[in-house]
Amino acid sequence: MDNIANNIADNNQVRVRIAPSPSGNLHVGTARTALFNYLFAKKNNGKFVLRIEDTDLERSNVEYVKNIYDSLKALGLNWDEGPDVGGPYGPYQQSDRFDIYPKYAQKLIESGHAYECFCTQEELEAEKEESIKNKTAHKYSGKCRCLPKEEQEKLRAEGRKPSIRFQVPDEGITKFDDMVKGELKFENNLIGDFVIMKSNGTPTYNFAVVVDDMEMKISHIIRGEDHISNTAKQVLIYEALGVPVPLFGHLGMILAPDRSKLSKRHGATAVSEFVEKGYLTEALINFIALLGWSPSDGQEIKSLDEIAQDFRINEVSSSNSIFEYDKLNWMNGQYIKKMDIKELTQKVKPYLSNYDLSASSELSEANLEKIVEITREPITILSDLTESVKYFFGKDVEYENDVKETVINTEGSQKVLQYAVNELENWDFNNEEKFHDQLGELRNYFKEQGIKPKDTMWALRAATTGRTHGADMVATLIILGKERVAHRIKAAIQ
RNA sequence: GCUCCCAUCGUCUAGUGGCCUAGGACACAUCCCUUUCACGGAUGCGACAGGGGUUCGACUCCCCUUGGGAGUACCA
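Residues numbered from 1 in each chain as written. Chains lettered and ligands numbered in written order. Predicted model: local features only at pLDDT ≥ 70, side-chain atom pairs only at ≥ 80, totals over all residues. Heavy atoms only, no water.

*Asks:* Help me out: how do you make sense of the protein's contact with RNA strand B in this one?
*Replies:* Taken together, 59 residues sit near RNA strand B, with Lys198, Ser229, Leu290, Gly292 and Gly470 positioned nearest. A breakdown of the atoms of RNA strand B within 4 Å of the protein gives sugar and phosphate a share of 74%. Between Asn230 and RNA strand B, the recorded distance is 3.2 Å, taken from a side-chain N or O atom to a base nitrogen. Arg461 places a side-chain nitrogen or oxygen 3.1 Å from a base nitrogen of RNA strand B. Only helix H5 (121-133), strand S4 (163-166), strand S6 (182-187), helix H8 (228-241), strand S11 (321-322), helix H12 (325-338) and helix H19 (453-465) provide two or more residues apiece to the surface near RNA strand B. A breakdown of the residues in the surface near RNA strand B according to their chemical character gives 18 nonpolar, 19 polar and 22 charged. (Near = heavy atom within 4 Å. Polar contact = N/O pair within 3.5 Å; in protein donor to acceptor, adjacent residues only side chain to side chain. Helix = DSSP H or I, 4+ residues; strand = E, 2+ residues; numbered from the N terminus. Nonpolar A, V, L, I, M, F, W, Y, C, P; charged D, E, K, R; others polar.)

*Asks:* Would you explain the packing of helix H17 (residues 411-423) against helix H18 (residues 432-448) in this entry?
*Replies:* How two helices sit against one another is set out by the angle between their axes and by the gap between those axes. The interhelical angle for the contact between H17 and H18, taken along N-to-C directions, is 140°, at an axis separation of 12 Å. Relative to H18, the element H17 lies oblique. When the axes of H17 and H18 are compared, the crossing they make is right-handed. For the pair formed by H17 and H18, the contact residues are Lys415, Val416, Tyr419 and Glu423 on the first element and Leu442, Tyr445 and Phe446 on the second. (Axes fitted to C-alpha atoms, helices over the stretch in contact; angles between N-to-C directions. Parallel < 35°, antiparallel > 145°, perpendicular 65-115°, else oblique. Left-handed = near helix turned anticlockwise from the far one by under 90°. Contact = heavy atoms within 4.5 Å.)

*Asks:* Would you mind going over the pattern of salt bridges with me for this structure?
*Replies:* By the definition in use, this model includes 26 salt bridges. As a salt-bridge pair, Glu153 and Arg156 come within 3.2 Å of each other at their nearest N and O atoms. Here Arg156 and Glu153 lie together in helix H6 (residues 149-157), a separation of three residues that amounts to about one turn. The class of Glu153 is partly exposed, set by a relative accessible area of 37%. The residue Glu373 makes a salt bridge to Arg376 at a minimum N-O spacing of 3.1 Å. A relative accessible area of 6% places Arg376 in the buried class. (Salt bridge = Lys/Arg side-chain N within 4 Å of Asp/Glu carboxyl O. Buried < 20%, exposed > 50% of the residue type's maximum accessible area, 1.4 Å probe, protein only.)

*Asks:* How do you make sense of the side chain of Asn286 when you look at a structure like this?
*Replies:* The residue Asn286 is located in helix H10 (residues 281-289) in this model. Sequence-distant contacts of Asn286, that is, excluding residues within four places in its chain, are made with Glu300, Ile301, Lys302, Ile307, Met331 and Tyr335.

*Asks:* Help me understand the environment of Pro203 in this model?
*Replies:* Relative to the helices and strands, Pro203 is located in the loop between strand S7 (195-197) and helix H7 (205-215). Once the C-alpha coordinates of Pro203 and Lys154 are considered, the two residues, 49 residues apart in sequence, prove to be 24 Å apart. Not counting residues up to four positions away in its chain, the partners in contact with Pro203 are Thr55, Phe98, Tyr101, Ile196, Met197, Lys198 and Ala208.

Written out as structure tokens, the structure is:
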């Protein structure tokens, strides 16, 4: 791990990147990779680069590019260089870089590290099937390695478009020192000659990344461990190109509770989906940071900046971790509880679209804030509020479940409500403290008559909110206002 | 099939040979607080996958087994 520090001390600037391909919305797994890169950059005064890998034009979509931007920004993972903000080593979108890959491929051909391959799809598949039949590891045979010039030209004349393959050494070991996993090695003879330029003239992933990372002077590559086997190929390319190999760090994967890849059937997978469900990006990013990393002081709730200060890539866990909602939910609740009330109110508005929030309704902005303030505590996701806030709207209440039978229509409750109707005029809706005491007196009055304080309050709560539990009663009644409270209590009396 | 990675409470993790009768967080249970739900507080439940070594001493190092994951494309 010493070389991590050395590389930095060397005055080589730390440059990391996140390179998503826009074939879907930003996945939480990608978000975590982005996060760890971001943290590493921040911790080491480096640069965080965003590169859009859209070489697969068929699967790429501009809509997803926008989603990637928006999600990353929402998470606070701001990049220093990228397609939108530019930078010294652009362009930062691979589709704008198509003209630079062939030169490097050519260079590799000239130096004997690559060759044109005229094999057809069918020939390749036949080879593969053969090796499956023989139960041997399948890798490309390398039969185009030494095609004579004349043969090449003949096939070209026939209209065959060659791909370009990297010529992997037959012997030797390719190894690299992984920042999180330690030394990793692969035997070269197990790696088949792989395509670097497709026959359509576009680069393959393994080639494009190397060229881009090299040109963008990326010093450290932090990514998911699903790339480990690619790394061997990429190291080979760096070496063939005669350029310094960056340092790699491979993170464990994020798995669903059933230990399979986190996918749609497990619920939300994209950052934007979590946001839509009502998760705060602050909580999401905090939660994700805890998957594989842990704070040195044991304090788990931390801002991005705090995490960055405490972050050490070599302390990241190298095993997979399971994405469980329990802790995310708890954490989201913590953030909701602490969030600035004005900000929270704004964030909550989309979940209140069922209700009349126009100025003419009884709901002023100030009232809405109060409602959010008193109902925020028990909720774990923003969308919970839609339901828990329901009884603040409209003149009448809807009774939940069997509230009418089990609470309102009981003898005790009816007594309380009848009494309350008369008492109502005296209640001070403008003075919370006084109102609180008045309700206390009400409880005491009925306590003497053998009605438990709890039941007294339940009668009131059920009548005014239709439920047996909810926010603080005094605050609730004040927001409802004397008129509506009176109306609802009267409606509850048989 | 082949290659590679990983392995501590249900989950996220602390632990880098003796500080470990293995610590914290979430979840769960009980209790306290309280007009309800919650929040908060207290307590409890709960793990070193198995087997061999190495060592005076292994959760920590090595090997094997088992289990999980990844890769094996002219996808990224």
